[in-house]
Amino acid sequence: MGTVVSIEIVDPLPDTVLREMIESTCAWLHEVDARFSTYRDDSEVSRLRAGAVRAEECSPDLRLVLERCADLWRTTDGYFDAYAGGALDPSGYVKGWSVEEASSRLAAAGSSRHYIGAGGDIRMRGTGPSGGRWRVGVRHPWEADKLAWVLALTDGAVATSGTYERGAHVWNPRTGEPATGLRSVTVVGPDLAVADAYATAALAMGEPGLAWLAGLTGEGYESAVVTEDGRAFTSAGLPVAVS
């Protein structure tokens with residue numbers, strides 16, 4: 001998936017159990033990468049893009065992702081578009097979905113306190129190592145050694161989409177050009193896959209995404225945004241840590 005994944009499990013479980021949990025989580029993420037990578041000619045997504053297989057012949061996971069991407073395309077009025085670059089690329093959904101699924105698998109295996117981070121996508125359950133909330137830093141979009149916000153939460157997800165590392169890589173489907181106006185969008189909510197897609201969609205919208213994000217609070221999704229000219233906006237319920 002082109003990023004480093006970190007996993008922290010703080011449940012008081014035997015080392016052998018914790019090791020098995022880590023190994024199974026890594027195996028799942030490698031499986032996702034092998035299936036969904038757009039950089040591997042032998043991946044299922046690449047074979048679908050090349051016409052070597054039809055969608056109905058694909059794995060249940062790939063068919064599920066295609067369905068979810070279609071749902072989010074409708075929910076975001078087309079701003080979350082797995083075909084925005086002209087060919088199928090569900091990466092904007094897959095990374096968040098794979099980490100959300102990894103967390104669900106850990107929970108099913110007996111872990112109620114863990115953290116999984118993949119780039120700007122983070123999923124937490126339960127309390128952190130100190131027994132309090134997990135603290136998550138949101139990177140300053142111009143100064144890499146500084147933080148724009150520090151969030152504190154227990155069960156929840158944090159997804160950030162921005163232009164400060166990869167440049168203008170998200171497309172505005174209305175203009176057919178790279179999205180402009182927003183430098184960084186962070187969405188916090190109950191489901192990482194959805195939060196990730198919402199952050200990407202808002203980035204694609206540009207400044208109109210600010211009003212759209214404000215309408216998501218009723219669904220349990222809070223946000224923090226930095227515009228290209230340096231203005232910062234947060235929703236009222238953003239779980240900012242208190243020092």
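It should be noted that the structure appears before, not after, this text.
Just so it is clear, the model here is predicted, and its values are computed rather than measured. (Residues numbered from 1 in each chain as written. Predicted model: local features only at pLDDT ≥ 70, side-chain atom pairs only at ≥ 80, totals over all residues. Heavy atoms only, no water.)

A. Geometry of helix α5 (residues 192-205). The terminal C-alpha atoms of α5 lie 20 Å apart, and with 14 residues this matches the ideal 20 Å at 1.5 Å per residue to within 8%. α5 sits mainly inside the fold: 13 of its 14 residues count as buried. A side-chain oxygen of the first residue of α5 lies 2.9 Å from the backbone nitrogen of A193; this N-cap is D191. One or two positions beyond α5, positive phi appears at G206, with a value near 80°. (Helix = DSSP H or I, 4+ residues; strand = E, 2+ residues; numbered from the N terminus. Expected span 1.5 Å × (residues − 1). Buried < 20%, exposed > 50% of the residue type's maximum accessible area, 1.4 Å probe, protein only. Polar contact = N/O pair within 3.5 Å; in protein donor to acceptor, adjacent residues only side chain to side chain.)

B. Structural view of the side chain of S103. Along the polypeptide, S103 turns up in helix α4 (residues 91-108). Once residues lying within four places of it in the same chain are set aside, the contact partners of S103 are H114, I116, R123 and R125. (Contact = heavy atoms within 4.5 Å.)

C. The arrangement of the environment of T200 in detail. By secondary structure assignment, the location of T200 is in helix α5. As a C-alpha pair, T200 and D81 span 119 residues in sequence and 9.4 Å in three-dimensional space. Setting aside chain neighbours within four positions, we find T200 in contact with F80, G92, S161 and V170.

D. Focus on the packing of aromatic side chains. The full count for this structure, using the stated rule, is 5 aromatic pairs. On the numbers, 5.4 Å between centres and 90° between planes, the contact of Y198 with W212 is edge-to-face. Here the residue Y198 occupies a position in helix α5, and W212 occupies one in helix α6 (residues 209-214), the gap between them amounting to 14 residues. In terms of burial, Y198 and W212 fall into one category: buried. With 5.3 Å between their ring centres and 80° between their planes, Y198 and Y221 make a pair best called edge-to-face. Linking Y198 in helix α5 with Y221 in the loop between α6 and β10 (222-227), this pair joins segments that are 23 residues apart in sequence. (Phe/Tyr/Trp six-rings, centres within 6.5 Å; stacked < 30°, edge-to-face > 60°.)

E. Quick peek at the packing of helix α1 (residues 15-36) against α4. Between α1 and α4, the shortest axis-to-axis distance is 10 Å and the interhelical angle comes to 155°. Classified by the angle between their axes, α1 and α4 sit roughly antiparallel to one another. Note on packing geometry: the crossing formed by α1 with α4 is right-handed. Between α1 and α4, the residues in contact are M21, T25, W28, L29, V32 and F36 and V94, W97, S98, E101, A102, R105 and L106, respectively. For the contact of α1 with α4, a count of residues per class yields 9 nonpolar, 2 polar and 2 charged. (Axes fitted to C-alpha atoms, helices over the stretch in contact; angles between N-to-C directions. Parallel < 35°, antiparallel > 145°, perpendicular 65-115°, else oblique. Left-handed = near helix turned anticlockwise from the far one by under 90°. Nonpolar A, V, L, I, M, F, W, Y, C, P; charged D, E, K, R; others polar.)

F. Representation of the sheet that holds β10 within the structure. The antiparallel open sheet is built from 7 strands, whose spatial order is β1-β2-β3-β6-β9-β10-β11. Both outer strands of the open sheet, β1 (5-9) and β11 (232-234), are each paired with one neighbouring strand and no more. In this sheet, adjacent strand axes meet at a mean angle of 5° when their direction is disregarded. As paired strands, β10 and β11 are joined by 3 bridges and run antiparallel to one another. Across the sheet, V225 pairs through a bridge with F233, a residue of β11. Together, β3 (121-125), β6 (156-162) and β9 (182-189) form the strand contacts of α5, whose direction differs from that of β6 by roughly 25°. (Pairing = 2+ DSSP bridges.)

G. Representation of the nonpolar core within the structure. With 50 residues, the main nonpolar core has F36, Y93, W97, V185, V187, W212 and L213 as its most contacted residues. It is α5 that contributes the most residues to this core, 11 residues altogether. The contacts of V187, once residues within four sequence positions are left out, are A157, V158, A159, A195, Y198, A199, L213, Y221, E222 and S223. One finds M124, V138, A224 and V226 within the second-largest nonpolar core, a separate group that totals 15 residues. (Core = buried A, V, L, I, M, F, W, Y, C linked by side-chain atoms within 4.5 Å.)

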